[in-house]
Amino acid sequence: MNRSKRSDVFPSASLPVAPGALSVATTWWHPVRGPMDCPAHPLLSAHARRAGFTVDARPWAEAAVNGDGRGAVGTTVVAVSYERPEGGHRGIALAARSEDSAALAFAHRQIESWQAVLRTRRVLYVSEETAPPGDPDTRPAPDAPAPHAAVPPQGPGAPGGAVPPQGPGAPGGAWLACGCPARSGCPSAVLAERSLHRSVARGDEVVVVGAPAAGTGGGWPRRAPAGTVKRAATEAQAEALTVADPERFAFVVAPGAVVSGAAGILRVLRRRFPRLRGQHPWEWCYTTDDLDTAVSSVLGQSDALLVTGRGDSPLVRSALARAARSGVRVREVTSLDRLRPEDVDGATITVLHNATAQEGSGGPDRRGGGSREVARVLDGLGPTGHIRRTVRSTALPSGLGARETAGEASSAP
């Protein structure tokens, strides 16, 4: 793409601009390259408004940029464009009155700064839902229990349950202790608390296994247990744990814990305390495990993380914590005027949207800081490939493994 970049300064007598204003092209006609699409125009408009200029964002007529500087009041157009791999051209363009030195200087600075980061790039997203709408493999039947129900579906015809929708696109803006949206109906935190109190009532010492991921675990347990409760958030803590009676020892997985991490802790505890008992795995919630896997995958490939929106979702909090550990640079883009050239200077960028309760279904922030607006802007700053990463754990019907084994046996020669 670098070889196709072209910067231009054109005089024009047919593109009027008011004093103290800037005209931003949404589309325009290049005298040499022809029609020019400008998906990044909202970015230029946002920065111009922040700098105090009046902004006129509109399509420019074909004859507006013709290199003709004659006329009583001349206009100067500053532009940069590039060739798209699939054909055609895109770019960004600002126009100011030629005699307006402040507006003209701003136009030059803006075009030059964004020109420096025009490049081919990938943009990665974590899927806003765990399964496509209507996916026949995960859509529960009307009489199916809620995902992660205490009693799993039984029998040959019982349906499986999908993990509730995750991330910013999930219904509602409040989050359960396990990391699922409040409206998902995931009962895992309730089941974990029930198991906790049952074990304490039996006289067992109980260990809560795992540490809730960032943004999860709040408000759990709702009622403090009367007996002794220990915590093992790491394998090292599990190695050092002491109990009064190894015969009366039970565990509960902390709601919001990443299951893969909790499994490692349980491996240590079971080695040290063979009589350990506790929750059945069908009561565990895999939402944070899926989110952690997806976030780890995309950030491991990324030069930068852009966080849009103004919410507080477990998805984004998990990503921020991991980015801090890995050194990936982070920029919160609550409005487009907060997006800087250095924020998009990379071959691969992850964009995550922080949903708010007011957004409901996860729509973009109306002030221009949503992931859709940022994605559209990035489309105008060089050829861009958009990739959505989906990680989805699905509960299968009980007995499925036995049926599959039987089927393999019957087909054997």
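As a reminder, the structure under discussion sits directly above these lines.
Described in the following lines is the structure provided in the data block.

## Here we look at the sheet that holds strand E12 (residues 249-253)
Strand order in the open sheet formed by four strands is E11-E10-E12-E13, and the pairing between neighbours is parallel. What marks the edges here is a single partner per strand, and that holds for strand E11 (229-232) and strand E13 (277-278). Relative to E11, strand E10 (residues 205-209) is paired through four bridges, and the arrangement is parallel. Residue pairing for E11: Val 207 is matched across the bridge by Lys 230. Here helix H3 (residues 188-201) sits on the sheet and contacts E10, E11 and E12; the angle it forms with E12, its principal contact strand, is near 170°. Of the strands in this sheet, E10, E11 and E12 are in contact with helix H5 (residues 259-272), which crosses E10 at around 145°.

## Remarks on the sheet that holds strand E16 (residues 348-354)
Spatially, five strands are ordered E15-E14-E16-E8-E17 in an open sheet, and the strand pairing comes out parallel. Here the strands that pair on one side only, and so sit at the sheet edges, are strand E15 (329-333) and strand E17 (384-389). The average angle at which neighbouring strand axes cross in this sheet is 25°, direction not considered. Inspection of the sheet shows strand E8 (residues 121-126) paired to E17 by six bridges, in the parallel sense. Residue pairing across strands places Arg 122 opposite Gly 385, the latter belonging to E17.

Criteria and cut-off values
- Residues numbered from 1 in each chain as written.
- Predicted model: local features only at pLDDT ≥ 70, side-chain atom pairs only at ≥ 80, totals over all residues.
- Heavy atoms only, no water.
- Pairing = 2+ DSSP bridges.
- Helix = DSSP H or I, 4+ residues; strand = E, 2+ residues; numbered from the N terminus.
- Contact = heavy atoms within 4.5 Å.
- Axes fitted to C-alpha atoms, helices over the stretch in contact; angles between N-to-C directions.

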